[in-house]
Amino acid sequence: MSGSRAAEEAARDAIIRKIAALLARAEDKASSAAEVAHAIATADKLMRRYNLTRDEVRIRQEEFRRARFRFDTQDEAYAGPIATAISRLAQCHIRGAKRDGVFLQFTGLRVDVDYAYWLLRAIWSAKRQGWTAYQGSPQHRAYVDAGVKRATIEHQFKLGFTHEIVDRIRTLAVRNNESSRELIELKNALIEQAFGRPNSEITSQTREKADLADVYRSGAEASKSVPLQHELGDKPAAIRLPR
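The structure displayed is predicted, hence computed values, not measured ones.

Re the nonpolar core
Judged by nonpolar contacts, the single largest core of 40 residues is most densely connected at I86, F106, I123 and I165. Breaking this core down by element, the ones donating at least two residues are β1 (64-71), α4 (76-90), β3 (102-109), α5 (110-135), α7 (150-178) and α9 (213-223). If you look at the next biggest cluster of nonpolar residues, it comprises 13 residues, including I15, I16, L22 and A26.

Topic: the packing of α5 against helix α6 (residues 138-145)
Following both chains from N to C, one finds α5 and α6 inclined at 65 degrees, their axes separated by 6 Å at the closest point. Compared by their axis directions, α5 and α6 come out roughly perpendicular. Contacts between α5 and α6 involve W131, Y134 and Q135 on the former and, on the latter, Q139, H140 and Y143.

Structural notes on the packing of aromatic side chains
In this structure the tally under the stated criterion is six aromatic pairs. Here the aromatic rings of F69 and F106 are separated by 5.7 Å at their centres, their planes lie at 80 degrees, and the arrangement is edge-to-face. Of this pair, F69 sits in strand β1 while F106 sits in strand β3; the two residues are 37 residues apart in sequence, bridging distant segments of the chain. What makes F69 buried here is its relative accessible area of 11%. Ring centres 5.9 Å apart and planes at 25 degrees place the aromatic pair Y115 and W118 in the stacked group. In this pair, Y115 and W118 both sit in helix α5, three residues apart, roughly one turn of the helix. When its relative accessible area of 1% is taken as the criterion, Y115 is described as buried. One aromatic cluster is present, built from ring pairs that chain together F69, F106 and Y117. Of note, K127 hangs over the ring of W124, and the distance from its end group to the ring centre comes to 4.2 Å.

About the thresholds
- The numbers attached to residues start from 1 for each chain and follow its sequence in the written order.
- In view of the model being predicted, local features appear only for residues whose pLDDT reaches at least 70, and side-chain atom pairs are presented and counted only at 80 or more, with totals across whole chains, interfaces and linings using the full set of residues.
- Water and hydrogen atoms play no part in the side-chain values, which are based on all heavy atoms of the structure.
- As used in this record, nonpolar core signifies buried Ala, Val, Leu, Ile, Met, Phe, Trp, Tyr and Cys residues forming a set joined through side-chain atoms within 4.5 Å.
- Buried, partly exposed and exposed residues are distinguished by accessible area as a fraction of the type maximum, computed with a 1.4 Å probe on protein chains only: under 20%, between the cut-offs, and over 50%, respectively.
- Only DSSP runs of H or I reaching four residues or more are called helices, and only runs of E reaching two or more are called strands; each is numbered from the N terminus.
- What counts as an axis is a line fitted to C-alpha atoms, over the stretch in contact for a helix, and the angles between N-to-C directions run from 0 to 180 degrees.
- The cut-offs work like this: below 35 degrees is roughly parallel, past 145 is roughly antiparallel, 65 to 115 is roughly perpendicular, and the gaps in between are oblique.
- Pairs of residues are marked as contacts when any of their non-hydrogen atoms sit within 4.5 Å.
- When two rings of Phe, Tyr or Trp (its six-membered ring) have centres within 6.5 Å they constitute a pair, described as stacked for plane angles under 30 degrees, edge-to-face for angles over 60, and tilted for the intermediate range.
- Put simply, a charge is over a ring when the Lys NZ or the Arg CZ is close to the ring centre, within 6 Å, and near the line of the ring normal, within 35 degrees.

These results come straight from atomic positions and should not be treated as a statement about function.
If you want it as structure tokens, here you go:
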């Protein structure tokens with residue numbers, strides 16, 4: 001294949017990807033009416049301009065996905081930093097907003113968003129189970145009997161859980177990203193082309209220190225039960241791009 005022919009096919013493929021992403025946005029229930037209208041109009045214009053059929057675009061449309069989550073406002077201190085770390089590991093974008101709670105939305109290639117979705121659910125389940133188990137411990141009863149507020153104990157436990165799981169995720173992300181820098185740049189370009197640059201209103205850092213050190217450590221220990229690997233393999237963030 002000549003260089004000019006290869007360049008033409010690459011350019012055409014990029015246009016198809018862009019149209020597919022626009023149609024995926026138009027069909028996403030999380031999109032606003034304005035987003036849907038703009039996506040449809042832009043996709044139609046591009047299809048007519050480049051003489052593309054719907055069948056040529058359909059296969060690409062399955063490459064992109066959004067996954068949305070809602071948390072109570074009091075969970076922002078934990079949800080924001082965890083989700084931000086996951087987005088780096090899974091190589092997808094995250095958007096956040098505060099409206100009747102905290103909304104988080106992962107956006108990116110389907111395989112990456114599926115991994116982020118799976119991991120966030122696993123973490124949240126482990127946090128809930130760990131806190132439930134801790135409430136039945138002698139340590140918890142001792143603090144309650146000493147007059148420490150239950151909300152304070154819960155916060156310290158969940159803070160320890162959050163710090164530990166975020167550190168684990170970031171460590172894995174750095175290891176994976178060192179071996180897939182070019183892939184990450186390409187994925188980011190595709191996602192930004194499809195959905196624009198991410199913006200977020202959520203807290204992405206945890207800066208609080210532990211007040212109840214043993215409660216904090218119990219939360220950190222509970223987080224170690226979360227498996228960060230997925231059945232996709234040892235390096236979920238380095239999954240190949242769809243062809």
